Amino acid sequence: MLSVQIQDEIKRWNYDSSNDDGMPYIAAVLFPDHLEMSDVRCEDIDYIWLLNEAKEDQMLRSYFQKLAQEMKEKADARKQTICFQTLIDSSKDLIWFKDVDGRHLIVNDQFCNFVNKSKKQIYKQGHCYIWNASKEDEKVCLDSDSKIMQGTRTQEFEEQVHTNGEDYIIKSYKSPLRENGKIFGTCGIGQDITGERNLDRKLQIIMDHIPFAIAVVSKEGILTYENRMFNTYFPEAVQYLGKDTGPLKEKLHFPHHIEEGEMVEIELRISDEKTTWFSYYEKKILDVFDSQIEKMLVVQDITLKKKLEKQKERLAYTDYLTGLSNRRGMLKSLENDTSGLTVIMIDVDNFKEINDSLGHGTGDEVLKKFADILKKVFAADFLIRYGGDEFLVITRLDEKNSIRTKMDNLLLEADSMIYANGEKKGIHISCGISMGSDAIGCTMEQLIQMSDEAMYYIKKHGKHGFYFYDEMIGMK
């Protein structure tokens, strides 16, 4: 018979006496002289304790303490296993553990879902079965595992796998497993980055097909990316990838410091034959916390825009019929300093009769052909269609003899002009000339007025000729 104290000890431990399978532990307490009387089958017993009745209390207490310690350790190990499996099953990444032969021992739910197999099916299976892979693929995997087991640290891999009829890109981190310095397997964590790689590809295609040259620079000023257009415009930029952008900006004449949103226009000689205009601005790249992580350099070819602007400006300041400057162009181009300038006002004689008798089309032809004569005779000077059939020549010729020579040539060319489909020859012109050297301090407006008066003077005195303003004053 057991003592009351020991019976109480048994009751005290009975509440947690279960083994790994959730079944109760069975411990038989036998005395040597009762062995033959026991009808308990040994295979049903987890523990058999033989006691000497004289020392039963001390021995039994020791047995119970060892059993309690073992039960606690197994219970803790069981809970740790549950915690570990629950933890890895909660991960959205693929997690696996292999032995040294590459057989899978532990995997998480995400791994099972990814390969469409259960943990029971995966247990102790190799790469071929799990991934429906070829022997060549399995060899690559085993070589990778071997490389990991030879190393001492976690290694990163990016692999393409095929499962469930689809291709995936898996980024994995694999590590060796050691106990007391001995390798007993490998473990790995895999992330499906197929979506990220597809997004990268989409962004790359978009970036390479937008009509802007774009480069990305880190906070430290290192060039980290350039799109196809940037490389097309500035092929030398490739050698600056991974390097400081200062020398590149210097070479391309990009501004070193520019405010956010500020745009500057730059004219660059791309080759010996071609000059290109670019607009340039910088844009911060912010993270989710609105902190700058990088910045973009955005360059756009605005050569066509510049050409259109020049064309628009030319149209605004140019007479559409003759191609000469108009009054607005004259005011924009000329400063008020008239020293050394000579102004010649020219009027086509009897132009109204040409329009009335031959038509406005012929009148336009006369004006255009006469403008061509002016361009020929006064090639180096500023020519203006002042209005209607009136023209201005502004020249730096300040010697009357040189001016007379030019004017004689002009009159001869006008007399020889063929128009109206070859049926008519020659026109007459009346010209007035004022010289800034003879009217120091006069404004351009006053010089024009004086040349206009000289021109009307010759018109009143027979037309077809030229007069200098100062000589006209003498004649008066």
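How each quantity is defined
- Residues numbered from 1 in each chain as written.
- Predicted model: local features only at pLDDT ≥ 70, side-chain atom pairs only at ≥ 80, totals over all residues.
- Heavy atoms only, no water.
- Pairing = 2+ DSSP bridges.
- Helix = DSSP H or I, 4+ residues; strand = E, 2+ residues; numbered from the N terminus.
- Axes fitted to C-alpha atoms, helices over the stretch in contact; angles between N-to-C directions.
- Contact = heavy atoms within 4.5 Å.
- Salt bridge = Lys/Arg side-chain N within 4 Å of Asp/Glu carboxyl O.
- Buried < 20%, exposed > 50% of the residue type's maximum accessible area, 1.4 Å probe, protein only.
- Expected span 1.5 Å × (residues − 1).
- Arc of directions from axis to C-beta.
- Patch = residues over 30% accessible without salt bridge, like charges linked within 9 Å, V, L, I, M, F, W, Y side chains within 5 Å.
- Areas by Shrake-Rupley, 256 points an atom, 1.4 Å probe, with all protein chains shown as cover.

Engineer: Just to check I follow, could you spell out the sheet that holds strand 19 (residues 465-468) for this structure?
Structural biologist: Taken in spatial order, the 5 strands of this open sheet run 14-15-13-18-19, and their pairing is mixed. Bordering the open sheet on either side are strand 14 (382-387) and strand 19, each of which pairs with just one other strand. Ignoring strand direction, the axes of neighbouring strands in this sheet form an average angle of 20 degrees. The pairing of strand 18 (residues 429-435) with strand 19 spans 4 bridges and is parallel. Of the residues in strand 19, the one forming a bridge with Cys-431 is Phe-466. Running at roughly 10 degrees to strand 15 (residues 390-395), helix 13 (residues 360-377) makes contact with strand 13 (342-348), strand 14, strand 15 and strand 18 of the sheet. Packed on one face of the sheet, helix 15 (residues 444-460) meets strand 13, strand 14, strand 15, strand 18 and strand 19 and runs near 140 degrees to strand 18.

Engineer: Is there a simple way to think about the pattern of salt bridges in this case?
Structural biologist: Charged atoms that come close allow side chains of opposite charge to pair. Applying the stated criterion across every chain yields a total of 30 salt bridges. Between Arg-103 and Asp-101 there is a salt bridge; the shortest N-O distance is 3.9 Å. Residues Glu-365 and Lys-369 are paired through a salt bridge, measuring 3.2 Å at the closest nitrogen-oxygen approach. Taken together, the residues span about one helical turn, with Glu-365 and Lys-369 both in helix 13 at a distance of 4 residues. Exposure remark for Glu-365: the relative accessible area of 22% places this residue in the partly exposed category. Connected through salt bridges with shared partners, the residues Glu-265, Lys-305, Lys-306 and Glu-309 form a single ionic network.

Engineer: Help me understand helix 7 (residues 194-209) in this model?
Structural biologist: The periodicity of an α-helix, 3.6 residues per turn, causes residues three or four positions apart to be oriented the same way. Counted at 1.5 Å a residue, the expected span for helix 7 with its 16 residues is 22 Å, and the 23 Å between its end C-alpha atoms agrees. Of the positions making up helix 7, those classed as buried are Thr-194, Met-207 and Asp-208. Projected down its long axis, helix 7 carries its buried residues within an arc of 155 degrees, all on one side. Residues of helix 7 that are exposed and angled more than 90 degrees away from the buried face: Lys-202 and His-209. Buried residues along helix 7 sit in contact with strand 6 (166-179), strand 7 (182-192), strand 8 (213-218), strand 9 (223-226) and helix 8 (228-233).

Engineer: Would you explain the side chain of Asp-145 in this entry?
Structural biologist: With respect to the helices, strands and loops of the structure, Asp-145 is situated in helix 6 (residues 135-150). Using a relative accessible area of 4% as the deciding quantity, one classes Asp-145 as buried.

Engineer: Sorry if this is basic, but what is going on with helix 12 (residues 351-358) here?
Structural biologist: Regarding helix 12, the residues found buried are Phe-351, Ile-354 and Asn-355. Considered in projection along helix 12, the buried side chains sweep an arc of 95 degrees and stay on one side of the axis. Exposed side of helix 12, more than 90 degrees from the buried face: Lys-352, Glu-353, Asp-356 and Ser-357 are the residues found there. Against the buried residues of helix 12 lie strand 13, helix 13 and strand 16 (418-419). Phi for Gly-359, located one or two positions after helix 12, is positive at around 100 degrees.

Engineer: How should I be thinking about a nonpolar patch on the surface in this particular structure?
Structural biologist: Taken together, the side chains of Phe-84, Leu-105, Ile-106 and Tyr-123 define a hydrophobic patch exposed on the protein surface, amounting to about 320 Å² of accessible area. Mapped onto the elements of the fold, Leu-105 is located in strand 4 (residues 104-107). Take Leu-105: its relative accessible area is 34%, and that puts it in the partly exposed class.

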